[in-house]
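# Chain and residue survey
Spelled out, the chains give:
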Amino acid sequence: MSNLSDIGNLMHLYLKEISPGEGTNAHEFLIKGAAKALQELGNRNWIPAIVKKIGEDRYEIIGNSFIYAVAEAAGNEKVWCIIAESDEKTEKLTKILAGEEIPKISLSTASRDEIKIALQYLMQKPGSPLKGINLLIATNRIEEAPRQYWKTFNPIAALRCGITKGAKLNALKEVFELTPQPIPEIIKDPALLQTLNLTELRKQAKKREIPNSSKKPKAELILLLSQ
């Protein structure tokens, strides 16, 4: 039986006390091959599974699920585990550190370098729909856009950076998320003004009491509103 003092400890637990959780997506060949190696090379999993306590002598795998699957395939009664805290943040971090979940960054606040390496990662994946786009152009145009206000990824398709709607845009969701700021009542950011249509620009001009705004072209309104 574990308690709060067990958190962080290495424990030799019975497999029958452990639920596999989400399990592993590793191929059966890898699991069985590793199970055979485990039997032949010492029968001790030096890399532990990570578990959380879910009840009286009951645990659930939250990380290194491959280790559990291998121990089970090897016919072991026990597996070495580390007891982790039972909360959502710990589970998420454990899966990321175990390589079982891809970390995401906020496109709303990401630095230029973060955007670049994330796009590069996606482009280099086999069969990537982003293969062939110009990395520097895409990075620069996304970095310069008013992305802090985006609620969806759709504005990227209008940046003319090679990332169009459909598969290319959806691919970004693997590594990016959005944490949008509220759009200000009075907009002066030229990049954000560029995304507004003529009607929206004239509403902004009316709020600012810019004379004859209904007769001015888009380019002139953007210039006036950005001052």
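The following refers to the structure shown. Because the structure is predicted, anything quoted here is derived from the model rather than measured. (Residues numbered from 1 in each chain as written. Predicted model: local features only at pLDDT ≥ 70, side-chain atom pairs only at ≥ 80, totals over all residues. Heavy atoms only, no water.)

## Details of the environment of Tyr149
Its place among the elements puts Tyr149 in the loop between α5 (135-144) and α6 (167-171). When the C-alpha positions of Tyr149 and Pro217 are compared, they lie 25 Å apart, and in sequence the two are 68 residues distant. Contacts of Tyr149, omitting those with residues within four sequence positions, involve Pro180, Gln181, Pro182, Ile183, Pro184, Asp189 and Leu192. (Helix = DSSP H or I, 4+ residues; strand = E, 2+ residues; numbered from the N terminus. Contact = heavy atoms within 4.5 Å.)

## Description of the side chain of Lys52
In this structure, Lys52 sits in strand β3 (residues 49-55). Within the local environment of Lys52, its side chain forms a polar contact with the side chain of Glu91, the two groups lying 2.5 Å apart. Ignoring anything within four residues of it in the chain, the contact list for Lys52 reads Arg58, Tyr59, Glu60, Ile62, Ala84, Glu85, Ser86 and Glu91. (Polar contact = N/O pair within 3.5 Å; in protein donor to acceptor, adjacent residues only side chain to side chain.)

## Some words on the packing of helix α4 (residues 112-123) against α5
Where α4 meets α5, the axes come as close as 9 Å, and the angle between the chain directions of the two elements is 135 degrees. Overall, the two elements α4 and α5 adopt an arrangement that is oblique. Our pair here, α4 against α5, has a crossing hand that is right-handed. Contacts between α4 and α5 pair Arg112, Ile115, Lys116, Leu119, Gln120 and Met123 from the former with Leu135, Leu136, Ala138, Thr139, Asn140, Ile142 and Glu143 from the latter. Among the residues making up the contact of α4 with α5, the classes are represented as seven nonpolar, three polar and three charged. (Axes fitted to C-alpha atoms, helices over the stretch in contact; angles between N-to-C directions. Parallel < 35°, antiparallel > 145°, perpendicular 65-115°, else oblique. Left-handed = near helix turned anticlockwise from the far one by under 90°. Nonpolar A, V, L, I, M, F, W, Y, C, P; charged D, E, K, R; others polar.)

## Regarding the sheet that holds strand β5 (residues 78-83)
Strand order in this open sheet of five strands is β1-β5-β3-β4-β2, and the pairing throughout is mixed. Single-partner strands in this sheet number two, and they are β1 (10-14) and β2 (18-19). Those strands touched by helix α2 (residues 65-73) are β2, β3, β4 (58-63) and β5, and its axis lies near 125 degrees from that of β4. Strands β3 and β4 of the sheet are contacted by helix α3 (residues 88-97), whose axis makes an angle of about 50 degrees with β4. (Pairing = 2+ DSSP bridges.)

## Description of the packing of aromatic side chains
Summed over all chains, the structure comprises zero aromatic pairs. Here Arg44 stacks its cationic end above the ring of Trp46, 4.6 Å away from the centre of that ring. Just above the ring of Tyr59 sits the side chain of Lys53; from NZ or CZ to the centre is 5.6 Å. (Phe/Tyr/Trp six-rings, centres within 6.5 Å; stacked < 30°, edge-to-face > 60°. Lys NZ or Arg CZ within 6 Å of the ring centre and 35° of its normal.)

## Regarding α5
Taken together, the buried positions of α5 are Leu135, Ala138, Thr139 and Ile142. Along the axis of α5, the buried residues cluster in a sector spanning 100 degrees; they form a single face. Against α4 lie the buried residues of α5. Sitting at the amino-terminal end of α5 is Asn134, which places a side-chain oxygen 3.1 Å from the backbone nitrogen of Leu136. (Buried < 20%, exposed > 50% of the residue type's maximum accessible area, 1.4 Å probe, protein only. Arc of directions from axis to C-beta.)

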